[in-house]
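This is what each chain is made of:
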Amino acid sequence: MALSKLPYKGTRDFFPPEMRQRDFLFNKMREIAELHSYEPYDGPMVEEVELYLAKSGEELINEQIYSFVDRGERKVAIRPEMTPTVARMVAQIHKEQSKPLRWYAIPNLMRYEKPQKGRLREHWQFNCDIFGAPEGLGEIEILQVATGLLRGFGATEEHFEVLLNDRRVVDAVFGQLLHLSSEQSHKLYKVIDKAKKVTAEALDKMIGEIIYQDTVKAHFKEYLKLDTFPALHSFLERHELKDAAGGFLPFTERLHASGLAKFVVYDPTIVRGLDYYTGVVFEIFDKSPDNRRAICGGGAYANLLQIFNEDPLPGVGFGLGDVTLADFLKTHGLLPTFEKPSISILVSYLDQAAEAHAFELSHSLRTLGVKTELYLGEAKPKKVFSHTERRGHRGVVMIGSNEIQTGEIEVKRIADQEKIRVKLNDPNSIKSFLE
Ligand code: HAM
């Protein structure tokens, strides 16, 4: 039986056009991260499974992790997310570093998911994390970087929104207002996570399986209806939960000062499926009804370094997926096409005698930094032009016995069909004609 030519389910082959698109996305990620003074790092593809068992959350561990036992009997996993790795790396060196640490990476991650629009088994994820920032300020900066990336592609508040909540608020509501046990809280977290994906009846049923008293149910439903920061403030005041909500209220005031308020909406259903978050949590959503997906998710995690027996060092960060980002940009017409490579010029020759001249001209153009394709082998003009058309070169040159005799060549600019004659040994004029 012949082998399949297709890639493994839920993974992608990146042919040159896809690779050009990927480079375009990654270059912008690097540019925005570095503009905000984040430094690049990377880690290994595999980690010991235990690293994820400590704090990543049930769904990731039980349903999505790719794990295996290696030849030395160690249980290892292909990284499904980057946060445990970055925390492990920071735990090694943070004591000697001046704070805050600002790091970014674009790792590929594997999760055993049912492949569908916006969800694959392998994706690349732009991660930015800040460690050791003053309370509330790291959160603001991380939101600035995440929204800064989308804005860097030309997106505005018309295209996306940041749905935001705080684990401290949820814990205060569950513990002090609803008086739930930790087991009930745990279950209710999962229900909230699904609240927007199911019908009102299904939600009611799920809530009923965890909460029995009507007054408690009513309080929970009141919480689920909150959709603005003022509504949340008065809810917390009414139920005397303001203190328990910790630094969230001063944080929401900072949002206004930082210019982020126009992007941000309070959403009680944002709790995030990963166990390590302890404070502000958020997801960035496409506003288009055709693509209602989280492009990005993140939040604050105060205690992750403690799994390595380190002193607490608060972290805040986000992960933003390449698949969801490309879908978002496409939906809003913000993604250029990458069908053709961006090669400046095709140098070709009509007969054997011109070959050495073609080599020489190509070499001198490349020395000037002009991306040059040399057509390998003698070629008739018709063939050269159709090749230029297919590959999308900006200009073309053909060298034959006439050109060698006169020492002059004709350069054709494809976009406007304009031509100039230049000396065969004058690559500078070709360069400026094509720029
Ligand atoms: P996450 O919410 O699991 O967070 O993933 C972040 C983003 O990665 C999602 O919003 C989505 O865009 C993308 N993503 C996740 N899974 C897939 C998939 N199967 N296919 C395509 N895209 C996907 C985290 O991973 C956290 N570790 C982020 C973080 C960094 N928190 C703090 N620092």
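Just above, that's the structure.
Residues numbered from 1 in each chain as written. Predicted model: local features only at pLDDT ≥ 70, side-chain atom pairs only at ≥ 80, totals over all residues. Heavy atoms only, no water.

## What to know about the site of the ligand
Phase 1 of the analysis: The immediate surroundings of the ligand are formed by 27 residues, with Glu 81, Thr 83, Glu 113, Leu 120 and Tyr 277 found nearest.
Phase 2 of the analysis: Asp 129 places a polar side-chain atom, nitrogen or oxygen, 2.8 Å from a nitrogen atom of the ligand.
Phase 3 of the analysis: One of the backbone N or O atoms of Ala 294 is found 3.3 Å from an oxygen atom in the ligand.
Phase 4 of the analysis: Here the ligand loses 96% of its free accessible area of 650 Å² to cover by the protein chains.
Phase 5 of the analysis: The element contributing the most residues to the shell around the ligand is strand 11 (residues 294-301), with six residues. (Near = heavy atom within 4 Å. Polar contact = N/O pair within 3.5 Å; in protein donor to acceptor, adjacent residues only side chain to side chain. Areas by Shrake-Rupley, 256 points an atom, 1.4 Å probe, with all protein chains shown as cover. Helix = DSSP H or I, 4+ residues; strand = E, 2+ residues; numbered from the N terminus.)

## Structural notes on the pairing of strand 11
Phase 1 of the analysis: For strand 11, the buried fraction is high: seven of the eight residues fall into the buried class.
Phase 2 of the analysis: In this sheet, strand 11 lies alongside strand 10 (residues 280-286) in antiparallel orientation, the contact comprising five bridges. Its bridge partner being in strand 11, Phe 282 is matched across the sheet by Gly 298.
Phase 3 of the analysis: As paired elements, strand 11 and strand 12 (residues 315-321) share six bridges and run antiparallel to each other. (Buried < 20%, exposed > 50% of the residue type's maximum accessible area, 1.4 Å probe, protein only. Pairing = 2+ DSSP bridges.)

## Observations regarding helix 11 (residues 248-257)
Phase 1 of the analysis: When we look at burial in helix 11, the residues that qualify are Phe 248, Leu 249, Phe 251, Thr 252 and Leu 255. End-on, the buried residues of helix 11 take up no more than an arc of 160 degrees, which puts them together on one face. Exposed side chains of helix 11 directed beyond 90 degrees from the buried face belong to Glu 253 and Ala 257.
Phase 2 of the analysis: Elements that come into contact with the buried residues of helix 11 comprise helix 5 (137-152), strand 8 (160-166), helix 6 (167-177), helix 10 (229-238), strand 9 (264-266) and strand 10.
Phase 3 of the analysis: One or two steps after helix 11, the chain reaches Gly 259, where phi turns positive at roughly 80 degrees. (Arc of directions from axis to C-beta. Contact = heavy atoms within 4.5 Å.)

## Remarks on the packing of aromatic side chains
Phase 1 of the analysis: Applying the stated criterion across every chain yields a total of 21 aromatic pairs.
Phase 2 of the analysis: Ring geometry for Tyr 8 and Tyr 66: centres 6.4 Å apart, planes at 75 degrees, overall edge-to-face. You can see Tyr 8 sitting in the segment before helix 1 (16-35) and its partner Tyr 66 sitting in strand 3 (residues 66-69), a full 58 residues away along the chain.
Phase 3 of the analysis: For Tyr 8, a relative accessible area of 42% puts it in the partly exposed group.
Phase 4 of the analysis: Seen in terms of ring centroids, Phe 248 and Phe 251 are 6.1 Å apart; in terms of plane orientation they differ by 25 degrees. Their pairing is stacked. One end of the pair is Phe 248 and the other is Phe 251, both in helix 11 and three residues apart, which spans about a single turn. Both residues of the pair, Phe 248 and Phe 251, count as buried.
Phase 5 of the analysis: Through successive ring pairs, a cluster of aromatic residues spans Phe 174, Tyr 189, Phe 220, Tyr 223 and Phe 235.
Phase 6 of the analysis: Across the ring face of Phe 14, the terminal group of Arg 22 is positioned such that the distance to the ring centre comes to 4.5 Å.
Phase 7 of the analysis: The residue whose ring lies beneath Arg 22 is Trp 124, and the NZ or CZ to ring-centre distance is 4.4 Å. (Phe/Tyr/Trp six-rings, centres within 6.5 Å; stacked < 30°, edge-to-face > 60°. Lys NZ or Arg CZ within 6 Å of the ring centre and 35° of its normal.)

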